[in-house]
Amino acid sequence: MRKKTVLIMALALVSFGAFAQHDHGNHDDKKEMGQKMDPMFKNKDLGVAYGHYIHLKEALVASQMNEAKKAATKLEASLVSVDSGQEAKAEAAKVVSATTLDGQRKAFASLSNEMASLVKSGELSMGEVYLEYCPMANNNAGAYWLSNQKEIKNPYFGDKMLKCGSVKETIN
């Protein structure tokens, strides 16, 4: 059990480090575009999980099913360490087990609601998180997602309707 916990933590840290390193290359671009830096959380475990969530969202925006599955697997593992993360972990598992891109996107809607609750109850030490909404997702039932940017990049339709949606709330 201890080895498994250490392995999960090591993978989470390496993944977060790779995510953070990837981000470093874009700092100058973000400053030029007037965008803010990615949010940081007081709870590091929540920050790691949120990083995996964003990776998953970006994979769905790009319609990359295999990459989405990898990101959801890392998210599921990282949520073990997050207080009150059990429901989100269960929803991440549904994304992992989905056999189609549409199935992943449907599961992502429920996961996003759980992650939004975690992010709202967690404390940001820096930056903002945007709660975004597409009224046409889930057969016009609508669905939310979290983003580091105000610019809409819809994970429910990918390039079919990339800009469909709006910012509903800014969490800071």
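Now for a look at the structure at hand. (Residues numbered from 1 in each chain as written. Predicted model: local features only at pLDDT ≥ 70, side-chain atom pairs only at ≥ 80, totals over all residues. Heavy atoms only, no water.)

### Description of the packing of aromatic side chains
Following the criterion strictly, the structure yields 6 aromatic pairs and no others. Between Tyr-50 and Tyr-53 the ring centres are 6.3 Å apart and the planes differ by 20 degrees, which places this aromatic pair in the stacked class. A residue pair is termed a helical-turn pair when its members lie 3 or 4 positions apart in one helix, as Tyr-50 and Tyr-53 do in helix H3 (residues 44–61) at 3 residues. Each of the two residues, Tyr-50 as well as Tyr-53, counts as buried. Ring centres of Tyr-53 and Phe-108 lie 5.2 Å apart, and the angle between their planes is 15 degrees; this geometry places the pair in the stacked category. You can see Tyr-53 sitting in helix H3 and its partner Phe-108 sitting in helix H6 (residues 101–121), a full 55 residues away along the chain. For the residue pair Tyr-53 and Phe-108, the accessibility class agrees, reading buried in each case. The structure contains a cluster of three or more aromatic residues connected by ring pairs, namely Phe-41, Tyr-50, Tyr-53, Phe-108, Trp-145 and Tyr-156. (Phe/Tyr/Trp six-rings, centres within 6.5 Å; stacked < 30°, edge-to-face > 60°. Helix = DSSP H or I, 4+ residues; strand = E, 2+ residues; numbered from the N terminus. Buried < 20%, exposed > 50% of the residue type's maximum accessible area, 1.4 Å probe, protein only.)

### Considering the pattern of salt bridges
Taken as a whole, this structure holds 6 salt bridges when the rule is applied. Here Lys-89 and Glu-76 are joined by a salt bridge, their closest N and O atoms 4.0 Å apart. Note that Lys-89 is positioned in helix H5 (residues 86–97) and Glu-76 in helix H4 (residues 65–78), a separation of 13 residues in sequence. (Salt bridge = Lys/Arg side-chain N within 4 Å of Asp/Glu carboxyl O.)

### Here's the deal with the side chain of Asn-154
Inspection of the secondary structure assignment puts Asn-154 in the loop between strand S4 (143–147) and strand S5 (166–171). Asn-154 sits in the buried class, given a relative accessible area of 0%. At 2.8 Å, the side chain of Asn-154 forms a polar contact with the backbone oxygen of Cys-164. Apart from the residues within four sequence positions on either side, Asn-154 is in contact with Val-61, Cys-134, Trp-145, Met-161, Leu-162 and Cys-164. (Polar contact = N/O pair within 3.5 Å; in protein donor to acceptor, adjacent residues only side chain to side chain. Contact = heavy atoms within 4.5 Å.)

### Structural notes on the sheet that holds S4
Pairing in this open sheet of 3 strands is antiparallel, and the strands run S4-S3-S5 from one edge to the other. A strand with exactly one partner marks an edge of an open sheet, and here the two such strands are S4 and S5. Going from strand to strand, the sheet's axes swing by 25 degrees on average, the running direction of each strand aside. Where strand S3 (residues 129–134) and S4 come together, 5 bridges link them in antiparallel fashion. Each bridged residue has a counterpart across the sheet, and for Cys-134 the counterpart in S4 is Ala-143. (Pairing = 2+ DSSP bridges. Axes fitted to C-alpha atoms, helices over the stretch in contact; angles between N-to-C directions.)

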